[in-house]
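# Inside the fold
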Amino acid sequence: MSRTPATSDRRIEILKSAAAAFRRRGYHGASVDEIASALEMTKGNLYYYFKNKEEILFACHEYSLLALMKDVQGESTSPEAKLRRLVLAFVHLILDDLHGTALTLDPEALSPPLLKRVIAKRDEFDHGIRTIIQQGIDQGAFKPGDPKMIEFAMMGAVNWIAKWFDPAGQMTSNQIGDAFADYLVGGLKK
């Protein structure tokens, strides 16, 4: 299927609806009917965009991992600015776009070929973050350290937000994003 902007927008709406359903009921507990009815679609209409629930889960993982990195890698800003933007965008993606589920969903629910693709994309994303961290170390902007361990600590902290975030709580996603970017990126500075 060719992807027009309208088709892409509709697919993103479906991913957001699916993410909300997965958050409420878990991947196995959420039904395609529930996802479709939240969008006032029929299940048949949803199947025009995705062939099954597994493909929706895969698309959630794919959407959440790569869009951020491609934007940030193309910028000609400092490693600190890139990393800060990436952390902020990542927090907003997790909390606002995909309702805290995109990166915390059980990837083992995917078939082995799709799981392999998700892991490859996650590894590509992780490598991109490590490259930015290494650039900051090489330029003397960040303290010396192991980029892999730094990246694990950063992404572990950001991914865990979905476990404790309460949309009705006192802090907005903007406040959380700013605080995490301050702590995680600021803590690397010399």
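This text follows the structure it describes.
A brief look at the structure comes next. (Residues numbered from 1 in each chain as written. Predicted model: local features only at pLDDT ≥ 70, side-chain atom pairs only at ≥ 80, totals over all residues. Heavy atoms only, no water.)

Generally speaking, nonpolar side chains in soluble globular proteins are found buried as a group. Counting 31 residues, the largest nonpolar core has Leu-83, Val-87, Met-154 and Val-158 as its most contacted members. Put simply, the parts of the chain that give this core at least two residues each are α4 (53–73), α5 (79–97), α6 (112–138), α7 (147–164) and α8 (173–186). Element by element, the count of residues in this core is highest for α5, at nine residues. Discounting chain neighbours no more than four positions away, the residues touching Val-87 are Met-154, Val-158, Phe-180, Ala-181, Leu-184 and Val-185. By size, the runner-up hydrophobic cluster in this structure holds 25 residues, among which are Ile-14, Ala-18, Leu-39 and Ala-109. (Core = buried A, V, L, I, M, F, W, Y, C linked by side-chain atoms within 4.5 Å. Buried < 20%, exposed > 50% of the residue type's maximum accessible area, 1.4 Å probe, protein only. Helix = DSSP H or I, 4+ residues; strand = E, 2+ residues; numbered from the N terminus. Contact = heavy atoms within 4.5 Å.)

Below, the discussion takes up the pattern of salt bridges. Summed over all chains, the structure comprises eight salt bridges. With its nearest N and O atoms 3.8 Å apart, the salt bridge here joins Asp-178 to Arg-84. Taken together, the positions of Asp-178 in helix α8 and Arg-84 in helix α5 put the pair 94 residues apart, joining distant regions of the chain. Its relative accessible area of 26% is what places Arg-84 among the partly exposed residues. A salt bridge links Arg-122 to Asp-123; its shortest N-O distance comes to 3.4 Å. (Salt bridge = Lys/Arg side-chain N within 4 Å of Asp/Glu carboxyl O.)

The next thing to look at is the packing of aromatic side chains. Describing an aromatic ring pair means giving the distance of the ring centres and the angle of the ring planes. Counted under the stated rule, the structure contains three aromatic pairs. Plain terms: the ring middles of Phe-90 and Phe-125 are 5.3 Å apart, the flat faces sit at 35 degrees to each other, and that makes the pair tilted. One end of the pair, Phe-90, is in helix α5; the other, Phe-125, is in helix α6, and 35 residues separate them in sequence. The pair formed by Phe-90 and Phe-125 is uniform in burial state, with each residue classed as buried. (Phe/Tyr/Trp six-rings, centres within 6.5 Å; stacked < 30°, edge-to-face > 60°.)

For the rest of this paragraph, the subject is the packing of α7 against α8. It is the contact of α7 with α8, at a shortest axis distance of 11 Å, that shows an interaxial angle of 155 degrees. In terms of their interaxial angle, α7 and α8 are classed as roughly antiparallel. α8 is crossed by α7, and the crossing has right-handed handedness. Across from Met-154, Ala-157, Val-158, Ile-161 and Trp-164 in α7, the residues of α8 making contact are Ile-176, Phe-180, Leu-184 and Val-185. Counted by class, the contact of α7 with α8 contains nine nonpolar, no polar and no charged residues. (Axes fitted to C-alpha atoms, helices over the stretch in contact; angles between N-to-C directions. Parallel < 35°, antiparallel > 145°, perpendicular 65-115°, else oblique. Left-handed = near helix turned anticlockwise from the far one by under 90°. Nonpolar A, V, L, I, M, F, W, Y, C, P; charged D, E, K, R; others polar.)

Before going further, it helps to examine the side chain of Ser-173. Structurally, Ser-173 is set in helix α8. The residues touching Ser-173, leaving out its near neighbours within four places in the chain, are Val-91, His-92, Leu-95, Asp-96 and Phe-165.

The next thing to look at is α7. Taking 1.5 Å per residue as the helical rise, α7 with its 18 residues ought to reach 26 Å, and the 26 Å between its terminal C-alpha atoms agrees with that figure. Residues Pro-147, Ile-150, Glu-151, Met-154, Met-155, Val-158, Ile-161 and Ala-162 constitute the buried set of α7. An end-on view of α7 places all buried positions within 130 degrees of arc, on one side of the element. Of the residues in α7, the exposed ones pointing more than 90 degrees away from the buried face are Trp-160 and Lys-163. The residue sitting at the N-terminus of α7 and contributing the capping side-chain oxygen is Asp-146; that oxygen lies 3.0 Å from the backbone nitrogen of Lys-148. (Expected span 1.5 Å × (residues − 1). Arc of directions from axis to C-beta. Polar contact = N/O pair within 3.5 Å; in protein donor to acceptor, adjacent residues only side chain to side chain.)

Glancing now at the packing of α6 against α7. It is at 9 Å that the axes of α6 and α7 come closest, and there the two elements cross at 120 degrees. When the axis of α6 is compared with that of α7, the two are oblique. Every pair of crossing elements has a handedness; the one defined by α6 and α7 is right-handed. Residues Phe-125, Asp-126, Ile-129, Arg-130, Ile-133, Gln-134 and Ile-137 of α6 form the contact with α7, whose own contacting residues are Pro-147, Lys-148, Ile-150, Glu-151, Phe-152, Met-154 and Met-155. Classifying every residue of the contact of α6 with α7 gives nine nonpolar, one polar and four charged.

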